[in-house]
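Chain and residue survey
Below are the chains, spelled out letter by letter.
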Amino acid sequence: MTDHALRRRLVAALLSTGLAAGFVLPLAGDAAGTPADGAARHAASAERSGAAAPVAQKPKKCKKAAKHKKHKKCRKAKKGAAAVPLPTAVPPASGPGTTTAPAPAVVAPWTPRPADYSATVATRDIPIVMDDGVVLRGDLQRPAGADGEPVATPLPVIVTITAYNKTVLSAGAGAVLSGADPAYLVKRGYAQLTVDARGTGGSQGQWGAFSAREGKDAGAIVEWASAQPWSNGKVGMTGASYMGISQLFAAAQQPKGLKAIFPQVPAADVYRDVVASGGQIDVGFIPLWLGLVTATGVVPPAYGLQEPQAGIAMVLDHLMGGLTFTLPLATQALLGGDPAYDGPFYRERSPIDVLDKVTVPTFLVGGEFDLFQRGTPLVFERLQQRGVPTKLILGPWDHLQGSAGAEVGKAGYGSLAELQLRWFDQYIRGIDGQLDRIAPLTYYEQGSGAWVRKAKWIDDDLAARSYRLSGSAAVGGKAGALTTGTPEAGSAVVPPLPVTGLCTRSANQWTAGLPNALLPDLPCFEDNKLNDLGGVTFDTAPLDADVRFQGPLNARLHVSTPSGDGMLSVAVEDVAPDGTVSRISGGWQTIAHRALDEERSRYLDGELLQAYHPFTREAKATLPAGQVAPVDVEIFPTGAVIAKGHRLRIAVQAFDVPHLLSPVTDLLTQLVPVTVHTGPQYPSVLTMAVR
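Residues numbered from 1 in each chain as written. Predicted model: local features only at pLDDT ≥ 70, side-chain atom pairs only at ≥ 80, totals over all residues. Heavy atoms only, no water.

1. Regarding the overall build of the protein
A count of helical and extended segments in the protein gives 17 helices and 28 strands. Within the protein, buried positions represent 61% of all 691 residues. Of the accessible surface of the protein, which amounts to about 25,100 Å², a share of 58% is contributed by carbon and sulfur atoms. (Helix = DSSP H or I, 4+ residues; strand = E, 2+ residues; numbered from the N terminus. Buried < 20%, exposed > 50% of the residue type's maximum accessible area, 1.4 Å probe, protein only. Areas by Shrake-Rupley, 256 points an atom, 1.4 Å probe, with all protein chains shown as cover.)

2. Re the sheet that holds strand β26 (residues 660-661)
Taken in spatial order, the three strands make up an open sheet running β9-β10-β26, and their pairing is antiparallel. Here the strands that pair on one side only, and so sit at the sheet edges, are β9 (276-277) and β26. Bridging between β9 and strand β10 (residues 280-282) involves two bridges; their strand directions are antiparallel. By the bridge assignment for β10, A276 is matched with I281. (Pairing = 2+ DSSP bridges.)

3. Here we look at helix α11 (residues 375-385)
With respect to burial, α11 is a largely interior element, nine of its 11 residues being buried. Among the residues of α11, G375, T376, P377, L378, V379, F380, E381, R382 and L383 are the ones counted as buried. Among the residues trailing α11, G387 stands out with phi positive, at a value near 85 degrees.

4. Quick word on the sheet that holds strand β5 (residues 155-162)
As summarised here, the arrangement of the 10 strands in space is β3-β4-β6-β5-β7-β8-β11-β12-β13-β14, forming an open sheet in which the pairing is mixed. Each edge of the open sheet carries a strand with a single partner, namely β3 (120-129) and β14 (451-454). Across the sheet, the mean angle from the axis of one strand to that of its neighbour is 20 degrees, orientation sign disregarded. Both β3 and strand β4 (residues 135-143) contribute to a ladder of eight bridges, which runs antiparallel. Residue pairing across strands places T120 opposite P143, the latter belonging to β4. The strands that helix α6 (residues 242-252) touches are β5, β7 (231-240) and β8 (258-264); relative to β7, the one it contacts most, it runs at about 135 degrees. Together, β11 (362-367), β12 (390-395) and β13 (441-444) form the strand contacts of α11, whose direction differs from that of β12 by roughly 160 degrees. (Axes fitted to C-alpha atoms, helices over the stretch in contact; angles between N-to-C directions. Contact = heavy atoms within 4.5 Å.)

5. Some remarks on helix α5 (residues 212-226)
An ideal rise of 1.5 Å per residue puts 21 Å on 15 residues; α5 measures up with 22 Å between its terminal C-alpha atoms. Among the residues of α5, E214, G215, D217, A218, G219, I221, V222, W224, A225 and S226 are the ones counted as buried. (Expected span 1.5 Å × (residues − 1).)

6. Thoughts on the environment of P339
Tracing the sequence through the fold places P339 in the loop between α9 (308-334) and α10 (344-348). Here the alpha-carbon distance between P339 and I281, two residues 58 residues apart in the chain, equals 9.7 Å. Residues contacting P339, with those up to four places away along its chain left out, are Y271, L329, Q332, A333 and Y346.

7. Comments concerning the pattern of salt bridges
Evaluated as defined, the whole model comprises 34 salt bridges. With a shortest N-O distance of 2.9 Å, E445 and R548 are connected by a salt bridge. Residue E445 is located in the loop between β13 and β14, and its partner R548 is located in strand β19 (residues 547-560); the two are separated by 103 residues in the primary sequence. Among the residues examined, E445 registers a relative accessible area of 0% and is labelled buried. You can call R548 buried: its relative accessible area is 10%. When the shortest N-O distance is used, the salt bridge between D539 and R649 registers 2.7 Å. Of this pair, D539 sits in strand β18 (residues 536-539) while R649 sits in strand β25 (residues 647-653); the two residues are 110 residues apart in sequence, bridging distant segments of the chain. As far as burial versus exposure is concerned, D539 and R649 are alike and both buried. Look at the salt bridges and you will find they share partners, linking D131, D132, R198, R213, K216 and D217 into a network. (Salt bridge = Lys/Arg side-chain N within 4 Å of Asp/Glu carboxyl O.)

8. Thoughts on the state of the cysteines
As used here, a disulfide is simply a covalent bond connecting the sulfur atoms of two cysteines. Evaluated as defined, the whole model comprises one disulfide. Between the sulfur atoms of C503 and its disulfide partner C524 the distance amounts to 1.5 Å. Of this pair, C503 sits in the loop between β17 (490-494) and α14 (505-509) while C524 sits in the loop between α15 (514-518) and α16 (529-532), and the two are 21 residues apart along the sequence. You can call C503 partly exposed: its relative accessible area is 32%. (Disulfide = S-S within 2.5 Å.)

9. What to know about the packing of aromatic side chains
In total, this model carries 18 aromatic pairs according to the counting rule given. Summarising the aromatic geometry, the rings of F262 and F363 are spaced 4.6 Å apart at their centres and angled 5 degrees between planes, so their arrangement reads as stacked. Placement of F262 in strand β8 and of F363 in strand β11 is noted, with a sequence separation of 101 residues between them. Relative accessible area serves as the criterion here: at 0%, F262 is assigned to the buried category. Ring pairing ties together the aromatic residues Y164, W207, F210, Y242 and F249, which thus form one cluster. (Phe/Tyr/Trp six-rings, centres within 6.5 Å; stacked < 30°, edge-to-face > 60°.)

10. Observations regarding the packing of α5 against α6
Relative orientation of the contacting elements α5 and α6 amounts to 80 degrees, with a least axis distance of 8 Å. Considering the angle they form, α5 stands roughly perpendicular to α6. Residue-level contacts link E214, G215, A218, G219 and V222 of α5 to Y242, S246, F249 and A250 of α6. Residues that form the contact of α5 with α6 fall into these classes: five nonpolar, three polar and one charged. (Parallel < 35°, antiparallel > 145°, perpendicular 65-115°, else oblique. Nonpolar A, V, L, I, M, F, W, Y, C, P; charged D, E, K, R; others polar.)

11. Digging into empty space enclosed by the protein
Size it by volume and the second largest cavity reaches roughly 100 Å³. Forming the boundary of the second largest cavity are 13 residues, of which G278, W588, F615, E634 and F636 lie nearest the centre. It is strand β21 (residues 581-590) that provides the largest number of residues to the lining of the second largest cavity, a total of three residues. (1 Å grid on protein atoms, 1.4 Å probe; cavity = no way out; pocket = protein on both sides within 12 Å on 5 of 7 lines; lining within 4 Å. Points joined across faces, edges and corners; volume = space filled by probe spheres on them.)

12. Digging into the pairing of β18
Side chains V536 and F538 project from β18 onto one buried face, and the interleaved T537 and D539 project onto a second face that is buried too. In terms of strand pairing, strand β16 (residues 480-483) meets β18 through two bridges, oriented parallel. Its bridge partner lying in β18, G480 is registered against F538.

13. Focus: the side chain of S203
As for its position among the elements, S203 is in the loop between β6 (191-196) and α5. When its relative accessible area of 0% is taken as the criterion, S203 is described as buried. One polar contact links the side chain of S203 to the main-chain carbonyl oxygen of D196, over a distance of 2.7 Å. (Polar contact = N/O pair within 3.5 Å; in protein donor to acceptor, adjacent residues only side chain to side chain.)

14. Some thoughts on the nonpolar core
In terms of nonpolar packing, the biggest core is built from 83 residues, with V157, V159, L193, I221, M237 and L258 touching the most fellow members. If near-sequence neighbours (up to four positions away) are discounted, M237 is found in contact with I158, V159, I161, V222, Q247, A250, L258, A260, I261, F262 and F424. Of all hydrophobic cores here, the second largest spans 38 residues; its members include A473, A492, L623 and A654. (Core = buried A, V, L, I, M, F, W, Y, C linked by side-chain atoms within 4.5 Å.)

15. Quick notes on the confidence of the model for the protein
With 78% of its residues at a pLDDT of at least 70, the protein reaches an overall mean of 84. Low pLDDT, under 50, characterises residues 1-105; the predicted model gives this stretch 227 contacts beyond four residues in sequence or across chains. (pLDDT = per-residue confidence, 0-100.)

16. Details of the side chain of S684
Within the secondary structure, S684 sits in the loop between β27 (674-678) and β28 (685-690). From its side chain, S684 meets the backbone nitrogen of H558 in a polar contact 3.0 Å long. When residues no more than four places from it in sequence are discounted, the contact partners of S684 are Y467, R468, L469, R556, L557, H558, V676 and H677.

Written out as structure tokens, the structure is:
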């Protein structure tokens, strides 16, 4: 067996070990590897085509409207959405809810230019020295000439910064973890530089995920790449998840040479997006993430034989990073320490807090069932509001699917590799990519299967609509009502069943899509009916017309609890005439963290649409036993239609397993039944932006 083959087997074994270890570790974080057959599939597909930041603050004139719904000044005039032309090469989506117009006949459809080179060649483990002396390592892939050597022509460079070990990515995991095969761009006249982040892979130092030091490194890597003799001085960036977030931090450094970025499934606010949901800790994903980074961090570097001292130092650094960063962080969060609350640690690591420094064109890919379902649209909105050239494709994908990008072509603009070529050719090489023919926002509409094209996430043709919870409901399928009329008084007791959520689309979402990759035909990923029996539900009557909604949603539930705390796990669902229950989106909120920051929350027509909770130790307050209080549950954004004849449902439960777990200090007070109150005295409502 050759050394190369042996190395590939070792990489695969360690990657598998890391994922398995992730299941038994106590806490969570960013992306998991899965089947490695995606590399060939991506290459074949590509070649075949031959906080809360951007939120609208509550207008002062609307504070009165919150109590008096007829306050006319709070109503925006609704305008029809501007039509967005489609590429003529792709038939317009035919489902309802699309906004399309034919492209001018004189404009030829965009087609990818052919490859300039037939082969590529790689240079491994290039040292990149940071300003503090730490040496990072990068692999450089360039087009090969007829002699098999790298071409001498300086080329624009595409940079990817990973925490998952560039050697592992090149061994096959890259197709799942980092999207399109980089060879597609390299064969068309780009160089690809893939760098291990500090303290990961083959790079020295200790890992500090998304720290200020790591952000500074990212900017320095870009400037280093732009200044090399094989570079023409112009740089772009690609990558998914961790690699997508790294792009935003790099761009915020405004490094010389950076012209455009292409982040897939990036976060905005790491605390609210993935570390914790509603005040409980995400124990579904973080073990997978820590297991992946830890396992890939101890793969022996390729330069170990030639530089044994550097190789040994690297391994020791990585082991120390696990002992001084990841393990203490996870332990403190579960024990109710400072990492269980929002604060400076997470502000430093949240891209939303540095986005105002990002000025380069940014193409985003997100997933409606992704870990960063909440965050990616926020990144899009903030950049768009600031006038940065920005586009977003949001598809029906979990984290692994969004990271791979294999289905991006279904949006109608070409494969992921082709979109990257259009984007970088225009902003780096000055070649017209006909980008005006790609809508600013393109999202998959759940319920119809249509791809909707819009100018904005919260567009002018949307209006707030509230469905009121009415009457009583009980565990086991006795549903209450959901109505736009006058509600009846009632109540519903949500029992603390620690199995709810176990076999649902939420379970798949918050384990990064790994269950779906292993068991894609599991019925409970598609039908939430069984899981709903473990909580209480409220349904509309069968609708007499389609109801389409877009963006975030809010559930304001009036509740009481014997302990002063408890968890509300809320799902918005579509109930088909045959009884199939499709989960559309969800949200979570503990009662003790119910404090609402109105200035950072989002309102539409005077109605709360996206709640922003501080989640600080100081803002946390239990509710006096028996007292009824409103609790706003932020339901993550999406786009969907409830078809005529179907029912809209809100389901409420007290657990979401394996997604969330209470900090140990809160476990007893949250392991209690919660009573939801309805009726005119306790106006519990579900509010959405309806087209």
